[in-house]
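# Fold and contact review
Residues per chain, in single letters:
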Amino acid sequence: EDDFQFILCEGCRQESPNLKLLTCLHTLCLGCLSENKPIRQCPVCRSAIPEASGIPVMDNVLFTSLQARLKVYKKITDGADLFCDNCKQAGEFWCSECEEFLCSKCFEAHQRYLKRESHKAKRVKDIRAGSAKDFLEVSRRAGNLSCSDPTHKSQTVSIYCKKCEKALCCSCALLDSQHAPFCDVRSETQRRQEELGTMRRELKQKRSSFEATYAALQDEAARLEGAQREMRELIRQRVEQLVRLIRREEEELLGLVEARQEQGRRELTQELQRVEGVLRRMEAGERLVEKMSLYATEQEVMDMQPFIRDSLEELQRLQLPAAGDRAQPGDLADCRARLQAL
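Residues numbered from 1 in each chain as written. Predicted model: local features only at pLDDT ≥ 70, side-chain atom pairs only at ≥ 80, totals over all residues. Heavy atoms only, no water.

### Focus on the environment of L272
Mapped onto the fold, L272 is located in helix α8 (residues 247-295). Given a relative accessible area of 17%, L272 falls into the buried group. Between the C-alpha atoms of L272 and A221, which are 51 residues apart in sequence, the distance is 9.5 Å. Ignoring sequence-local partners within four residues, the contact set of L272 consists of Y214, L217 and Q218. (Helix = DSSP H or I, 4+ residues; strand = E, 2+ residues; numbered from the N terminus. Buried < 20%, exposed > 50% of the residue type's maximum accessible area, 1.4 Å probe, protein only. Contact = heavy atoms within 4.5 Å.)

Here is the structure:
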């Protein structure tokens, strides 16, 4: 179960059949999105949700599919009685193509009539002996692309139209002259996976720069806190040596230090939150692309890749602020000058 925590909603950490993929590449259920609607920000990284409704239109079909497939695996491995979906006898086989349990007799008929379609049913006891990843790999191979024409859902899809960027069956490709040029849909799926893999590697390299900046900001925050403590102590030591007439100056200096400290903390907190949000988006992007390469069917790749690619390209366009451009919060030079004057 630890291997598949990533398919849960990143807000409430629960399973949900209605998972939405945000542009920051975090995944939330409709319940969490509804609660977060007035804010219209991702609760994980605080990125803005551009949709006016606060509900993204992109479904995370990969995670939803994995939840459904893992429920079947859990049903098999829990040891409960399984029944044939055709005759209600004891289910001894599972066909990932048909998504049905089969008894021995129905299995024989299934193999005889569906042999041409390469339906490969596995024994339930073999599935129990294997891992969840093995089961998902078999069901992943069984996932087929569907034609973009709703009337051709039963047709085998093997063609990709580069012009309209859709998977087509042979009927659509032959009868509609508007579709051209073509390529093999599996080649297009592989190309998209490779494109996402390349973007993931580039994102990983860029992430190291953001991590270094995040660490530098944390060091700066620690330095700021140390400087504030040192200055406050120096102020107290000096003021205690002065006469009663300048006690008011002591209070003014302490107030100035506190104000500068608060200002510097606010500025650093904002910068830290921004960089932290970007890092979380990058982590989400890397994780999602990795899981797609491991578990996504071709249909899921075709549905989700353009959306994920656009989000990753947006991340790649982000730039770190130059070191000279960042403000230096907590500058206490004027405070030191006034203290010296005392």
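There is more to say after this.
### Focus: the pattern of salt bridges
What the rule picks out here adds up to 24 salt bridges. With a shortest N-O distance of 3.4 Å, R191 and E195 are connected by a salt bridge. One end of the pair is R191 and the other is E195, both in helix α7 (residues 185-240) and four residues apart, which spans about a single turn. With a relative accessible area of 38%, R191 lands in the partly exposed category. Here E195 falls in the partly exposed class, since its relative accessible area comes to 22%. Ionic contacts of the salt-bridge type, sharing partners, join the residues E188, R191, R192 and E195 into one network. (Salt bridge = Lys/Arg side-chain N within 4 Å of Asp/Glu carboxyl O.)

### Let's talk about unusual backbone geometry
At L25, a residue that is not glycine, the phi angle is positive and equals roughly 75°. Of note, L25 is situated in the loop between β1 (19-21) and β2 (27-29). Of note, the phi angle at R46 is positive, near 65°, even though the residue is not glycine. With respect to the helices and strands, R46 occurs in the loop between α1 (30-35) and α2 (61-77). For R46, a relative accessible area of 35% corresponds to the partly exposed category.

### Regarding the nonpolar core
Nonpolar side chains in soluble globular proteins generally cluster together in the buried interior. Membership of the largest hydrophobic core comes to 56 residues, with the highest contact counts inside it found for L62, L288, M292, I308 and L312. With eleven residues, the top contributor of residues to this core is α8. Dropping the residues within four chain positions of it, L312 is found in contact with L25, L196, M199, L203, G285 and V289. If you look at the next biggest cluster of nonpolar residues, it comprises ten residues, including I235, L253, L256 and V257. (Core = buried A, V, L, I, M, F, W, Y, C linked by side-chain atoms within 4.5 Å.)

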